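The residues making up each chain are set out below.
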Amino acid sequence: MITYPRANKTRNTIRNLPIDTLVLETDAPDMPLNGEQGCYNHPKNVSVIVECVAELKKQPRQTIALKMWKNSNLLFGICE
């Protein structure tokens, strides 16, 4: 949903939430990315979601990717 420019409420929510509270997913296969309507989504598109969050948070892509990795590990109880 956050890849859609008109999803203002969702995009503003992501902008305002602390990064420590986020994990990412793609809504695959049901919710296509913006520009890919009519196609199935795929988990491999999580990199597009990372890029979108990086833009919304005005942070480097690598920062977002690393933090999402750590948040996911914490959520699932995986030790680093």
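Presented here is an overview of the structure given in this document.

Conventions adopted
- Residues numbered from 1 in each chain as written.
- Predicted model: local features only at pLDDT ≥ 70, side-chain atom pairs only at ≥ 80, totals over all residues.
- Heavy atoms only, no water.
- Helix = DSSP H or I, 4+ residues; strand = E, 2+ residues; numbered from the N terminus.
- Contact = heavy atoms within 4.5 Å.
- Expected span 1.5 Å × (residues − 1).
- Buried < 20%, exposed > 50% of the residue type's maximum accessible area, 1.4 Å probe, protein only.
- Salt bridge = Lys/Arg side-chain N within 4 Å of Asp/Glu carboxyl O.
- Core = buried A, V, L, I, M, F, W, Y, C linked by side-chain atoms within 4.5 Å.

**A short note on the environment of Pro 18**
By the secondary structure assignment, Pro 18 is in the loop between helix H1 (8-16) and helix H2 (46-57). Separated by 39 residues in sequence, Pro 18 and Lys 57 have C-alpha atoms that sit 9.6 Å apart.

**Concerning the side chain of Asn 41**
Structurally, Asn 41 is set in the loop between H1 and H2. Discounting chain neighbours no more than four positions away, the residues touching Asn 41 are Thr 26, Ala 28, Pro 29, Met 31, Pro 32 and Leu 33.

**Considerations on helix H3 (residues 61-76)**
Between its first and last C-alpha atoms H3 spans 23 Å; for 16 residues at 1.5 Å apiece the expected length is 22 Å, and the two agree. Buried within H3 we find Ile 64, Met 68, Asn 71 and Asn 73. Each element contacted by the buried residues of H3 is listed here: H2. Following H3 by one or two positions, Gly 77 has its phi on the positive side, about 70°.

**Regarding the pattern of salt bridges**
Taken as a whole and judged by the stated rule, the model has two salt bridges. Across the pair Glu 51 and Arg 61 runs a salt bridge, and its minimum N-O distance is 3.1 Å. Separated by 10 residues along the polypeptide, Glu 51 in helix H2 and Arg 61 in helix H3 bring together distant segments of the chain.

**Considering the nonpolar core**
Counting residues in hydrophobic clusters, the biggest one holds 13 residues, and the most contacted among them are Ile 2, Ile 14, Ile 49, Val 53, Leu 56, Ile 64 and Met 68. Taken together, the elements giving at least two residues each to this core come down to H2 and H3. Broken down by element, this core gets its largest block of residues, six residues, from H2.

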